[in-house]
Amino acid sequence: MTMRELLYGALLTALALLIPLAFQGWLQVAIPPFSATLASHLPTMLALTISPWTAALVGFGSSLGFLLTLGPIVALRASTHILFGVVGAALYQKNRQLWPALLITLPIHTLGEALVVLPFGFSFQQALLVIGLGTALHHLADSVITAAVYHSLTKAGVALSTARKHPVNHL
């Protein structure tokens, strides 16, 4: 892990924690048993442009934020951000294109969120139709937001790429 990855990871993790805490009840959509917080995937989706480790760190922070605000089931759903972020980061590192990485991770994210709720008494229909479809739409909406933010950051000269490697000293 580089110093840049660690720095961006810490900043995006703080944002991943802040979004559910600050926007609780405000930018949230709830269609039971589904709930979504607009832009909650933004930190993870930006992190996937940095590295798999950064994406995993931010996905974990996102899970923690939702555990504090909406409880363990939503936190488990948010833990899928770790998986789709790591896979998306590997895809992004291969071809350096954001949209393909976001679209390829959509089914991973959707199925992940649908499957983690099954042990909690959700029917297969609720899991796939309500949570799965809701997650897919939420993933797409947040992908558009992420692409706009990423484009703006790039235009402003903020390079999320970790091309220059400065390893963090391990203790």
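What counts and how
Residues numbered from 1 in each chain as written. Predicted model: local features only at pLDDT ≥ 70, side-chain atom pairs only at ≥ 80, totals over all residues. Heavy atoms only, no water. Axes fitted to C-alpha atoms, helices over the stretch in contact; angles between N-to-C directions. Helix = DSSP H or I, 4+ residues; strand = E, 2+ residues; numbered from the N terminus. Parallel < 35°, antiparallel > 145°, perpendicular 65-115°, else oblique. Left-handed = near helix turned anticlockwise from the far one by under 90°. Contact = heavy atoms within 4.5 Å. Nonpolar A, V, L, I, M, F, W, Y, C, P; charged D, E, K, R; others polar. Patch = residues over 30% accessible without salt bridge, like charges linked within 9 Å, V, L, I, M, F, W, Y side chains within 5 Å. Areas by Shrake-Rupley, 256 points an atom, 1.4 Å probe, with all protein chains shown as cover. Salt bridge = Lys/Arg side-chain N within 4 Å of Asp/Glu carboxyl O. Buried < 20%, exposed > 50% of the residue type's maximum accessible area, 1.4 Å probe, protein only. Pairing = 2+ DSSP bridges. Core = buried A, V, L, I, M, F, W, Y, C linked by side-chain atoms within 4.5 Å.

Novice: Before we go on, may I ask you to explain the packing of helix α3 (residues 52-70) against helix α5 (residues 80-95) in this structure?
Specialist: Direction vectors running N to C along α3 and α5 enclose 160°, while the axes themselves pass 8 Å from each other. The angle between α3 and α5 falls in the class roughly antiparallel. Judged by the sense of rotation from one axis to the other, the crossing of α3 with α5 is right-handed. Along the contact surface, α3 presents P52, A55, A56, G59, F60 and S62, while α5 presents H81, I82, G85, V86, A89, A90 and Q93. Among the residues forming the contact of α3 with α5, the class breakdown is eight nonpolar, five polar and no charged.

Novice: Looking at this model, I keep getting lost on a nonpolar patch on the surface. Mind explaining?
Specialist: Judged by side-chain polarity, W99, L103, L133, L137, L140 and V144 come together as a nonpolar surface patch covering roughly 560 Å² of accessible area. Listing elements by their share of the nonpolar patch, those giving two or more residues are α6 (98-116) and α7 (124-155). Tracing the backbone shows L133 in helix α7. On the accessibility criterion, L133 (49% relative accessible area) is partly exposed.

Novice: Even after reading the chapter, I still don't get the pairing of strand β1 (residues 28-31), so can you show me in this structure?
Specialist: Where a strand is regular, its side chains alternate between the two sheet faces. In the sheet, β1 pairs with strand β2 (residues 34-37) via four bridges, with the strands oriented antiparallel. Counterpart to V29 in the pairing with β2 is A36. Between the antiparallel neighbours β1 and β2 lie two residues.

Novice: Just checking my understanding: could you explain the environment of G59 for this structure?
Specialist: You can see G59 is positioned in helix α3. Note on G59: relative accessible area 0%, which makes it buried. Separated by 43 residues in sequence, G59 and A16 place their C-alpha atoms 7.8 Å apart. Residue contacts for G59: discarding those within four places in its chain leaves T44, A78, H81 and I82.

Novice: Whenever I open this one, the nonpolar core confuses me. Can you help?
Specialist: Proteins that are soluble and globular tend to have nonpolar side chains buried together. Of all hydrophobic cores here, the largest spans 19 residues; its most connected members are L12, L48 and L98. Going through the elements one at a time, α1 (3-22), α2 (42-47), α3, α5 and α6 are the ones with two or more residues in this core. Apart from the residues lying within four places of it in its own chain, the contact partners of L12 are P43, L46, A47, I50 and V58. Judged by nonpolar contacts, the second largest core, of seven residues, contains A114, V117, A127 and I131.

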